[in-house]
Amino acid sequence: MIKVSEQAKKKVIELMTDDGFDPFTHYVRVGVKSGGCSGLSYDLQFDKNQTESDKVFEDNDIKIIVDKKSFLYLIGTTLEYSGGLNGTGFVFNNPNANRTCGCGESFSL
């Protein structure tokens, strides 16, 4: 399961609406891909469709889809949003990551 913090929920709704997506029927697609300074990086995008191989979750009224391969890396992750002095953007609080880079966009297991 992937959780969504209250701050992340607000920002997701705002961005989805701005991009022409309906935050109550469309999805946030979260994935993992090779790359980044720590080996694996997070991928976050909006999607109107799910595939048969996607796992679907809903937390804090946000629908999330994850492909089966990425799911193994993301179990227990919380999607958060930081708007502080250290930078703004989505942050993945991933209990499976042994090491993360300074920007928080990549990790390793």
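Residues numbered from 1 in each chain as written. Predicted model: local features only at pLDDT ≥ 70, side-chain atom pairs only at ≥ 80, totals over all residues. Heavy atoms only, no water.

1. A short note on the pattern of salt bridges
Within the structure shown, the criterion is met by five salt bridges. Among the ionic pairs, D54 bridges to R29, the shortest N-O distance being 2.8 Å. Separated by 25 residues along the polypeptide, D54 in strand β4 (residues 54–59) and R29 in strand β2 (residues 27–34) bring together distant segments of the chain. Taken as a pair, D54 and R29 share a single burial class, namely buried. Residue E58 is joined to K63 by a salt bridge in which the shortest nitrogen-to-oxygen separation is 3.5 Å. The structure contains a network of salt bridges with shared partners spanning R29, D47 and D54. (Salt bridge = Lys/Arg side-chain N within 4 Å of Asp/Glu carboxyl O. Helix = DSSP H or I, 4+ residues; strand = E, 2+ residues; numbered from the N terminus. Buried < 20%, exposed > 50% of the residue type's maximum accessible area, 1.4 Å probe, protein only.)

2. Focus: the pairing of strand β5 (residues 62–67)
Strand direction decides the pairing type here: β2 and β5, joined by two bridges, are parallel. Paired with V28 across the strands is I64, a residue of β5. Note: β4 against β5, six bridges, orientation antiparallel. Its bridge partner being in β5, D59 is matched across the sheet by I62. (Pairing = 2+ DSSP bridges.)

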